[in-house]
Amino acid sequence: MKKNMIWLGPITVLAFVAVLTVMYGWVGSINSIGHETRETPEVSPANQVQPRPDNRADRRAGRQGQGGQLVHHGRFPAGIGNGQIQLINNPTFPAGIGNQQIQLINNTTFPAGIGNGQIQLINQNNPAQPFLGLNLSEVNEVVAKELKLPAGTGVYVNKVVAMSPGQKAGIKTGDVILKCAHKTVNTPEQVGQILAGKKAGDVIKVVVNRNGGKKSFHVKLENAPMGLDVGAIQNPTWMGADIQDIDTVMKIQFNLPDNRGVIVSHVAQNSPAQAAGLRTGDMIRRFGGTRLQDVKQLQSLILGSRPGQQVRLTILRNGRHLALDVIPGHKPLGSATPNIPFIAPADMAIEGSWIGMDVTEASANDVAALGLPAGTRGILVNDVESPPATMVGFQTGDVIMAVNGSPTPDMKQFVAASKKQSGAVVDIIRGNKHLFISVPPPGFTLQGTQLNTGVNNKFRQVAMAGPIRGRLGIFASGPDLNSPVVGNTTNLPYLILVDLSNNSYAVMDPNSLNSLPQVLQQHKVTGLVCANISGPTAATLASRGVVIYSGVVGTAGDAIHLYETNRLIAMKGL
Amino acid sequence: MKYAACEKCARSVGMVNVVGNISMILIKGYMGVVGGSKGLIADAIHSCADLLATVVMIIGLKISGREKDDDYPYGYGKAEYLVAIVIYLFLFVIALYILYDGAMAIIEGRQVVPCMSAAWGAIFSIAINELMFRQSVCAGTQINSPSMVAKAWESRSDVLSSIAVLIGIIGAKMGFHFMDPLAAIAVGIIIIKICIEMVKDATLNLMDRMPEEEDVMEQVRGALARVKDIAGIKDIHAREVGPSLEFEVWLNVQEHITVSHGERIKREAKKAIKKVMEKESFVRVRLFPVEVVL
């Protein structure tokens, strides 16, 4: 007896070594543990009792019809212009997904840190995931009873896609998959997770129960063809807040001490986030005990958390730290994106232009066409023409709700809010999402670094004391040479008077330009640079000997440079 | 000895090592699997190798303790070496697999992203191994046992391998995903080194190689020099059998002495050798009569 006990020692240790070795090989093949959702899909009692194996397919199809977000997209077309990345085959977004939004986050192969880093909290399949070609669901009670399987084991095959690996291997509708790649599977999600660790060309063994007998198949995996929905991980954990990374402009506007955290751009109605008291403009610093660095991190934390499990968020609001307890849930199925047709043609509208885009007050028609709640009032972006609007990511169809926190229900308030050109954080609605778009101050990038002002450095600003001997006048959106050139049709442009002989310029306030011809004559302006000009004004000025350079795009400084090098073309035929 | 407790402390070294290694295997294995670190799992296997060394030694003691019987008149001392060879060949294969899988993880660019719990496992291992090292060195010095000090330095090498693993985990956390498999490869190399040394030792002992320590022979000769009536040492053979040493000594004695005198010389020689030997020794003495011209 005692003699035999001796051998237990080394045998135990060696068995442990063997177990560890298996684990060792296992560790590498699990990609990105943190990104997998672990919850099981909800199945309503009705579905469980009814012997309707295709209930899942129906529900999924229904969600697609409503424009649900879980649309799988096998590959995405490269080279969609204007730096846009459109990853979702989603017909409901009116103008594609611009602003370099990343919609598909559960995609580890995607480079991080693109542009504004806007992220929607949507979990999605890896586009390059191989597939079996099987529509799977959990085994319902009737089938389990018939095949004499213990409840909750196996995965039911609803449908086998034609020409798919599953069909080639011989799997048929009605089979119950018991094991996949030597691992017992009980939910479609487990199959999905096993597939996520494989690649096309791998051969996996699938053990099924067919009519009560066991059969095994060797399936050679292939990549899913485009547009096919493979067993996606459904209904991820949802908090209901749109979050964004913080850039320098936001930091200044919201008076934040630093940018270690993420900012809440919108809180959805009736969401867990709203229930917890989260508000637009809050900066989330911690999720549970974890310090947040960026949106991606928070996203994976939310997906990794369990619905119904309370999480403490540490937020910064108005310079004070608050702790909010939020209970993440599931996104209600009924609240999918409403179907949004393309924008109706503009009707009677009050137009304006700002930082290179044409805007109007959003009419009731526009609001309805964009699928926004009735009564939404804001400024609709009609056309995005030139920098900086194109650079910071505005798009046609965006509705501007607020600038720097001041609501902009009509053009008057919009003009008042947007006139301050020292950087702005613009709250817009695009599709059904709220976004913050940062407009950097003139001469600065979004990162807060000053642009090289180049030729403009030699010009110095002088005070408007007495008549200035200006030869050139420029309409600009702001009171300096870095402001874009605008037209006289723009609401209240600044007039910059440039004296090229002694490299100086002076700025005239928009309010002092009531009588433009007299002002120009008083300052002996012989040339006027603008982005556009109305016919009567042009004729009046031309008759007084002012040469008009219209259609100029760029900053006032650039315009001066062009003028100095005789590259501006005068308006003719007046 | 500095303190009275040193003796007790030295006796506990073996037990502390076994308990420490078992707890480290469990913790590193668990943390490695849960934290997703290849390096830490490899380090747990490394600790298994250390533990096995101790276990093999204990088995050797037990088996060698069996009485000689008719079938095995020389005893069971060599069973230990056979066990060691089998176990370490097995570990060798495991270590090769660690190297292969680690290398493939790097080549295929698999994302091994350990979490911080793995780092805590490595830190724990570093701390425990360092403490064990310090205890062994201190106790070994105090009771003047070079073998205990030598074993202590093995614990030190475990500390180094755990540090490599910690660096690998932190590197992987910083985004260098190849660092963790790289640490695993480093640990695998250490395991292979252990295996080769152990298998080599066991094989050499099976082949009845003379004990490696040079001073063993010197000590035996010194001891015999003090025994009376020995005319000279013709030859000494020695081999390690399990935990003990076996000597065969041919002594030259004067040809005219009586048998009883010869037997007395044998007894005294045996006693003298056993006295100077640290390990348990079996001595066989043969007398060889020579004509001594004085």
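Residues numbered from 1 in each chain as written. Chains lettered and ligands numbered in written order. Predicted model: local features only at pLDDT ≥ 70, side-chain atom pairs only at ≥ 80, totals over all residues. Heavy atoms only, no water.

(A) Summary view of the overall build of chain B. From N to C terminus, chain B includes eight helices and three strands. Out of the 294 residues in chain B, the part that is buried amounts to 45%. Expressed as a percentage of contacts within chain B between residues at least 6 apart in sequence, the contacts between residues at least 24 apart total 73%. (Helix = DSSP H or I, 4+ residues; strand = E, 2+ residues; numbered from the N terminus. Buried < 20%, exposed > 50% of the residue type's maximum accessible area, 1.4 Å probe, protein only. Contact = heavy atoms within 4.5 Å.)

(B) Main features of the overall build of chain A. In terms of regular secondary structure, chain A is built from 15 helices and 29 strands. In chain A, buried positions account for 49% of the 574 residues. In chain A, once contacts between residues fewer than 6 apart in sequence are set aside, the share between residues at least 24 apart is 58%. Approximately 26400 Å² of chain A is accessible, and the part contributed by carbon and sulfur atoms is 54%. (Areas by Shrake-Rupley, 256 points an atom, 1.4 Å probe, with all protein chains shown as cover.)

(C) Main features of the packing of helix H5 (residues 146-173) of chain B against helix H6 (residues 179-206) of chain B. Residues and elements named next belong to chain B. With their axes 7 Å apart at the nearest point, H5 and H6 run at an angle of 165° to one another. In terms of their interaxial angle, H5 and H6 are classed as roughly antiparallel. When you trace H5 past H6, the crossing you get is left-handed. Counted together, Ser161, Ala164, Val165, Ile167, Gly168, Ile169, Gly171 and Ala172 of H5 and Met179, Asp180, Ala183, Val187 and Ile190 of H6 form the full contact between these two elements. (Axes fitted to C-alpha atoms, helices over the stretch in contact; angles between N-to-C directions. Parallel < 35°, antiparallel > 145°, perpendicular 65-115°, else oblique. Left-handed = near helix turned anticlockwise from the far one by under 90°.)

(D) Structural view of a nonpolar patch on the surface. A cluster of nonpolar side chains, namely B:Ile170, B:Met174, B:Phe176, B:Phe178 and B:Leu182, defines an oily patch on the protein surface of about 490 Å² accessible area. Topologically, B:Phe178 is positioned in the loop between H5 and H6. (Patch = residues over 30% accessible without salt bridge, like charges linked within 9 Å, V, L, I, M, F, W, Y side chains within 5 Å. Salt bridge = Lys/Arg side-chain N within 4 Å of Asp/Glu carboxyl O.)

(E) Representation of unusual backbone geometry within the structure. The backbone of A:Ala181 sits at a positive phi, close to 50°, despite the residue not being glycine. Mapped onto the fold, A:Ala181 is located in the loop between strand E4 (176-180) and strand E5 (183-184).

(F) Structural context of the interface of chain B and chain A. Contacts between chain B and chain A engage 33 residues on the former and 19 residues on the latter. Taking both sides of the interface into account, the surface hidden between chain B and chain A amounts to around 2300 Å²; carbon and sulfur atoms contribute 83%. Contact with chain A buries surface across chain B, with B:Val33, B:Ile41 and B:Gln111 losing the most and accounting together for 19% of the total. Our count for the chain B to chain A interface comes out at zero salt bridges. Inspection of the region where chain B meets chain A yields two residue pairs in polar contact (both at pLDDT 80 or more). Within the residue set of the side of chain B that touches chain A, elements represented by two or more residues are helix H1 (5-35), helix H2 (38-64) and helix H3 (79-108) of chain B. No other element matches the 12 residues that H2(B) contributes to the side of chain B that touches chain A. Of the residues belonging to the side of chain B that touches chain A, the class tally is 22 nonpolar, six polar and five charged. (Buried area = accessible area lost by both parts, 1.4 Å probe. Polar contact = N/O pair within 3.5 Å; in protein donor to acceptor, adjacent residues only side chain to side chain. Nonpolar A, V, L, I, M, F, W, Y, C, P; charged D, E, K, R; others polar.)

(G) Main features of the nonpolar core. Ranked by internal contacts, the top residues of the largest apolar core, which has 50 residues, are B:Ile45, B:Tyr88 and B:Leu91. Put simply, the parts of the chain that give this core at least two residues each are helix H1 (2-29) of chain A together with H1, H2, H3, helix H4 (116-142), H5 and H6 of chain B. Sorting elements by how many residues they give to this core places H2(B) first, with 14 residues. In this structure, B:Tyr88 is in contact with B:Ala49, B:Leu52, B:Ala53, B:Ile194, B:Cys195, B:Met198 and B:Val199, ignoring residues within four places of it in sequence. (Core = buried A, V, L, I, M, F, W, Y, C linked by side-chain atoms within 4.5 Å.)

(H) The pattern of salt bridges, seen in detail. Residue and element names in this part refer to chain B. Within the structure shown, the criterion is met by 12 salt bridges over all chains. Of the charged contacts in the structure, one is a salt bridge between Arg156 and Glu130, with a shortest N-O distance of 3.1 Å. Of this pair, Arg156 sits in helix H5 while Glu130 sits in helix H4, and the two are 26 residues apart along the sequence. Of the residues examined, Arg156 reaches a relative accessible area of 24% and is grouped as partly exposed. The class of Glu130 is buried, set by a relative accessible area of 17%.

(I) Representation of the environment of A:Val426 in the model. Residue and element names in this part refer to chain A. The topology assignment puts Val426 in strand E22 (residues 424-430). In the structure, Val426 is positioned 21 residues away from Gly405 in sequence and 7.8 Å away in space, judged by C-alpha atoms. In this structure, Val426 is in contact with Trp354, Phe394, Ile400, Ala402, Val403, Leu435, Phe436, Ile437 and Val439, ignoring residues within four places of it in sequence.

(J) Inspection of the packing of H1(B) against H4(B) at higher detail. All names here are of chain B. Viewed as axis vectors pointing N to C, H1 and H4 meet at an angle of 165°, and their least axial separation amounts to 9 Å. When the interaxial angle is binned, H1 and H4 end up roughly antiparallel. Crossing handedness for the pair H1 and H4: left-handed.

(K) Expanded view of H4(B). Here H4(B) contains 27 residues, and its C-alpha end-to-end distance of 39 Å stays within 8% of the 39 Å for a straight helix at 1.5 Å per residue. Positioned one or two residues after H4(B), B:Asn144 has a phi angle of 60°, which is positive. (Expected span 1.5 Å × (residues − 1).)

(L) Up close: helix H12 (residues 411-418) of chain A. All names here are of chain A. Along H12, the residues that are buried comprise Met411, Phe414, Ala417 and Ser418. Along the axis of H12, the buried residues cluster in a sector spanning 125°; they form a single face. As for H12, its buried residues are in contact with strand E17 (351-354), strand E18 (357-361), strand E19 (379-384), strand E20 (399-403) and strand E21 (406-407). (Arc of directions from axis to C-beta.)

(M) Highlighting the sheet that holds strand E2 (residues 244-254) of chain B. Residue and element names in this part refer to chain B. Strands sit in the order E1-E2-E3 across an open sheet of three strands; the sheet is mixed. Lying at the two open borders of the sheet, with one neighbouring strand each, are strand E1 (232-241) and strand E3 (281-290). With strand direction ignored, the average angle separating the axes of adjacent strands in the sheet is 15°. Pairing geometry for E1 and E2, over nine bridges, is antiparallel. Bridge pairing links Gly232 to Asn252 in E2. (Pairing = 2+ DSSP bridges.)

(N) A look at the packing of aromatic side chains. Under the definition given, this model contains three aromatic pairs over all chains. Aromatic side chains A:Tyr24 and B:Tyr97 sit 6.3 Å apart centroid to centroid with 70° between the ring planes, which places their arrangement in the edge-to-face category. Placement of the pair is A:Tyr24 in helix H1 and B:Tyr97 in helix H3, with the two residues belonging to separate chains. Here the aromatic rings of B:Phe176 and B:Phe178 are separated by 6.2 Å at their centres, their planes lie at 75°, and the arrangement is edge-to-face. We classify B:Phe176 as partly exposed; its relative accessible area is 42%. Judged by its relative accessible area of 40%, B:Phe178 is partly exposed. Directly above the aromatic system of A:Tyr24 lies the positively charged group of B:Lys38, at a separation of 4.5 Å from the ring centroid. One Lys or Arg, B:Lys234, reaches over the ring of B:Phe288 and ends 4.4 Å from the middle of that ring. (Phe/Tyr/Trp six-rings, centres within 6.5 Å; stacked < 30°, edge-to-face > 60°. Lys NZ or Arg CZ within 6 Å of the ring centre and 35° of its normal.)

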